[in-house]
Amino acid sequence: MDEMLTYGEDVNEVPMQVGGMSLFAELIMSLGTSTKTNDKLEALSNYFSVAGDKDKVWMIAIFSGRRPRRSVSAALLQLWCLELVNLPQWLFAECYLTVGDLAETISLLIPPEIMVPKEEQPLHYYIEQLIGIEKQSEEVKKQFVIDSWRQMNQQERFVFNKLITGNFRIGVSQQLMVNALSKVTELPAATVAHRISGNWDPVMTTFSALLHESNSDDSKPYPFYLAYAIEGEPAELGLPHEWQAEWKWDGIRGQIIKRNNELFVWSRGEELITEKFPEYHFLKDKLPDGIVMDGEIISGRQSDEGFVVLPFANLQTRIGRKNISKKQLQEAPVIFIAYDLLEYNHEDWREKTMQERRTQLEQIVADLQSSEVFLSPIIAFDMWAELAATRVTARLINSEGVMLKRKSSAYQVGRKRGDWWKWKIDPLTIDAVMIYAQKGSGRRSNLYTDYTFAVKDGDKLVPFTKAYSGLTDKEFGEVDYFVKRNSLEKFGPVRTVKPELIFEIAFEGIAASNRHKSGVALRFPRINRWRKDKKPDEINTLDDLKQMLEQYGK
Amino acid sequence: MALIQFTDKGLYCAEGNFYIDPWQPVDKAVITHAHSDHARWGSKSYLCHTFTKPLLQQRLGDGNYETLEWGQPVFINGVKVSLHPAGHIIGSSQIRVERNGDVWVVSGDYKTENDGISGEFEPVKCNTFITESTFGLPIYNWKKQADIFIDIQNWIKDCFEKNANAVIIAYSLGKAQRIIAPIAEVTSNIHAHGAVWNIFQTLKSSGFKFPDINRIDIDAPKEKYKNAVIIAPPSAEASLWMRRFTPFEVGVCSGWMQVRGNVRRRNIDAGFALSDHADWNGLLQAIEATEASKVFVTHGFQSAFSRYLNEKGIESAEVKTEYGNDEDAVEGN
């Protein structure tokens, strides 16, 4: 009997058509629901071992932010779906509110009855078709999208729609994908991470060219080394003299690269942003060739003591714009604070000690004699207590706290414990009352998890911030229960609720804003804790906020 | 005066002087089914289906319970009342109320797919239909029960392959009974949380047949649970109680699992959109089959669902009740 079974299994292992859309859809589903990193790694590795080469390349592209341009708008997808299922628009909107995701809403609304099963196509077929129809007429697009919907089951339809609409937020970090690729290709993770970074076109690149041949792309950045927040006391890290302390800056982490007389600026999000920062363009002539610097892109300007950093809100005016006006350049000047040297003289320096890298970096920055590029200042300290005292002054210079780096450390890949730690200052806090609630999206759809908070101004309540995170699932459940029973009014998806629940809101910074009723905009607001011990008349006031603005917002 | 009115105690038939699924104690309560949001404590007398009585006794203790068979009419103060299968759980019934040719049907909770144990939903013609709307949006279209069972069986096998126990979260009255047979096709190593086990005991004493399951013994050594299926109610999810089954994976049976966000939010390993409520098409078909000229929509997506009915030309209004706790993912859905 056992033998029979074995035989039967062998027969089943005759290769089926590999790399179809269903395989990809199953991967996405299992990644989306899996709660264990190991299971996700397993699912990814399996995919990379069985999927077709072209599909693998697209998989890497999609999960490293190289999705093709959007060729069909959300509005059209919605319209075609409604036509197909014959439902009113308002009902679609209701469904969307409950599901919290357009791609999923459409996938659920299309009933299985209209399916026209057809031979399965691979992932790359759909992506390449989507690229192909970008410039085509609306009729052609509609035909392709509707035909595709009909050929797919609900999961595949969801994934297909996601390919069109945007990011797969499925809890897979690029690091995890790198690890899976490393497992399958038997290459070191750092090598994989480096090879799949930079400028490459998924249409033209084969899987083996991407991973196995040394890639001669000059723009290629290195994977960033990221720090975890320190756990416990810094004294537990050992002797102070083994560590270098620097300020932690709140800008955009970036790499400046010069190779073959070309300059490239990359953000940590692996976006090539050279054109956005003309302040750096002189480096093309000034930097030695074959060099990669890691640092912070940040709004600031030269000063008598070196440089001053401006609030993050300034930098925000520069992000997301294609063309930078003269006015913006003047109002939100950008500097680069250099942290590290990853490549020098065309040589990978990441394995050298930080001390060696720093010494060379100091030389390079000094030679530039620039008013745009500065060394990250080292905070001198002999005792941990001394550093702790310096750290609390961080907010006065628009810094977020302190970075601790082991002097002997190599430049590693991704977020790692041990050699680099961030030691942020405690956030600013304010007690506020919840006045509006809205359902969340994605993981939190159908649950009221997005709240607006207000402070007191005499008898009035003035809304000043939203916050989406900081409560446990259980607490979200409790607040949701409260919202559903204490709604005063309904405006579309928003409910006004009885101003009864008090929360401590934490935030990293505060800036003046004329877009907000309260006159302030907060940086990284989140719920610190639920103040069940407080009553609505004990919350902070608008004056308290203004005082904070006066103290920290300049 | 309308045959059934919506009062702060519940659905009330003034001429018969009885309530249907009241949420406050009353003199006479007609009960659609034994779930706690429909069958509440404190009324002087209860009228329900024969299968519901032992469940009510277990839940509410001793009291004055009268029973009816499906289709067997009774007159209460001159109002004709009969029960008809609702397909929701064992004993669940729609309640038909007739007076001078005016017929109202209160659906309670119902599903239109025949699950093989709850009795097949019977479309009852009426003038006015009071329907639930727990899943009254067109995104809720269920897969066939048989297909979901295959998904559950495959998931259990996957768990066993990883040497993990499979913890299935299912409401103790309803889904637990539906999934037990397909689980027993995979393994006989089935254990149930006390709450689930108690319901099985009650149903078995009433003559229902189910595969054998073990009651979880709090003092048993951990090693007892290996490659086992554990059936637990939603209240046990993510509790310390579950720790003893480590390593384990969690699968949840609930209509809410239709939406990915709900699966992810609960941080579970698998979600099965298995529901004891009608899906969108089920609701529409049921309403059409009643040929009712007026439809009241209760607990669920009542405002969207009743607006849709109105636009389709079926006169409809939403009614606020205390069933199903608004749009929460209540036990039993």
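Every chain's residues receive numbers from 1 upward, in the order its sequence appears when written. Here every chain gets a letter starting at A, and every ligand a number starting at 1, in the order they are written. Residue-level local features of this predicted model are given only where pLDDT is at least 70; pairs of side-chain atoms are given and counted only at 80 or more, and the full residue set underlies all totals for whole chains, interfaces and linings. Based on all heavy atoms of the structure, the side-chain values leave hydrogens and waters out of the count.

- Chain B appears in an unreviewed UniProt entry as Ligase-associated DNA damage response exonuclease from Pinibacter aurantiacus.

### Quick notes on the overall build of chain B
(1) Moving on: Put simply, DSSP H or I for four residues or longer makes a helix, DSSP E for two residues or longer makes a strand, and each gets a number counted from the N terminus. Assigned secondary structure in chain B consists of seven helices and 19 strands.
(2) Moving on: For a compact globule the rule gives 2.2 Å times the number of residues to the power 0.38, and the radius of gyration it is set against comes from C-alpha atoms. Over its C-alpha trace chain B gives a radius of gyration of 20 Å, about what one expects of a compact globule, namely 20 Å for 333 residues.
(3) Moving on: If one aligns the C-alpha atoms of chain B with their principal axes, the spans along those axes are about 65 × 45 × 30 Å.
(4) Moving on: The buried share among the 333 residues of chain B stands at 60%.
(5) Moving on: In this description, contact between two residues means that some pair of their heavy atoms is separated by no more than 4.5 Å. Sequence separation of 24 or more characterises 59% of the internal contacts of chain B that already satisfy a separation of 6 or more.
(6) Moving on: Methods summary: accessible areas were calculated by the Shrake-Rupley approach with a probe of 1.4 Å, and residue burial reflects only the protein chains presented. Of the roughly 12,700 Å² of accessible surface on chain B, a fraction of 46% belongs to carbon and sulfur atoms.
(7) Moving on: Taken together, the 33 basic and 40 acidic charged side chains of chain B have centroids lying 3 Å from each other. Only protein chains enter the calculation, and the probe is 1.4 Å; a residue is then buried if its accessible area is under 20% of its type maximum, exposed if over 50%, and partly exposed in between. Counted as positive: Lys and Arg. Counted as negative: Asp and Glu, with His and the chain ends omitted from the count. Note that the charge is assigned to NZ on lysines, CZ on arginines, CG on aspartates and CD on glutamates.

### Looking at the domain arrangement of chain A
Residues and elements named next belong to chain A.
(1) Moving on: As annotated, the domain borders come from an automatic or database domain assignment. Domain annotation of chain A identifies domain 1 (17-67 + 171-211), domain 2 (74-165), domain 3 (225-424) and domain 4 (428-552).
(2) Moving on: Distance between the C-alpha centres of domain 3 and domain 4: 34 Å.
(3) Moving on: When two parts are brought into contact, each loses some accessible area as probed by a 1.4 Å sphere; the total of that loss over both is the buried area. For the pair domain 3 and domain 4, the summed buried surface comes to about 640 Å²; carbon and sulfur atoms form 49% of the total.
(4) Moving on: If you sort the residues of domain 3 by the area they bury against domain 4, Asp250, Phe312 and Arg395 come out on top, with a joint share of 60%.
(5) Moving on: Criterion for a salt bridge: a side-chain nitrogen of Lys or Arg within 4 Å of a carboxyl oxygen of Asp or Glu. The tally of links between domain 3 and domain 4 comes to one salt bridge.
(6) Moving on: Close ionic contact of Asp250 with Arg523 constitutes a salt bridge, the shortest N to O distance being 2.6 Å.
(7) Moving on: Throughout this description, a polar contact denotes any pair of N or O atoms lying within 3.5 Å of each other; where both atoms belong to protein, one of them has to be capable of donating a hydrogen while the other can accept it, and for residues adjacent in sequence the pair is counted only when both atoms sit in side chains. Seen at the junction of domain 3 and domain 4, the total is two residue pairs in polar contact (both at pLDDT 80 or more).
(8) Moving on: Looking at which element gives the most residues to the side of domain 3 that touches domain 4, the answer is helix H15 (residues 312-316), with three residues.
(9) Moving on: Under this grouping Gly is polar, as are all residues other than the nonpolar Ala, Val, Leu, Ile, Met, Phe, Trp, Tyr, Cys and Pro and the charged Asp, Glu, Lys and Arg. For the side of domain 3 that touches domain 4, the class distribution of residues is two nonpolar, two polar and three charged.

### Looking at a nonpolar patch on the surface
All names here are of chain A.
(1) Moving on: Think of a patch as exposed residues, more than 30% relative accessible area, with no salt bridge, where like charges cluster within 9 Å and nonpolar side chains (Val, Leu, Ile, Met, Phe, Trp, Tyr) cluster within 5 Å. The grouping of Ile131, Val203 and Met204 at the surface amounts to a nonpolar patch, some 280 Å² of accessible area in total.
(2) Moving on: Along the polypeptide, Met204 turns up in the loop between helix H12 (189-195) and helix H13 (207-211).
(3) Moving on: For Met204, a relative accessible area of 67% translates into the label exposed.

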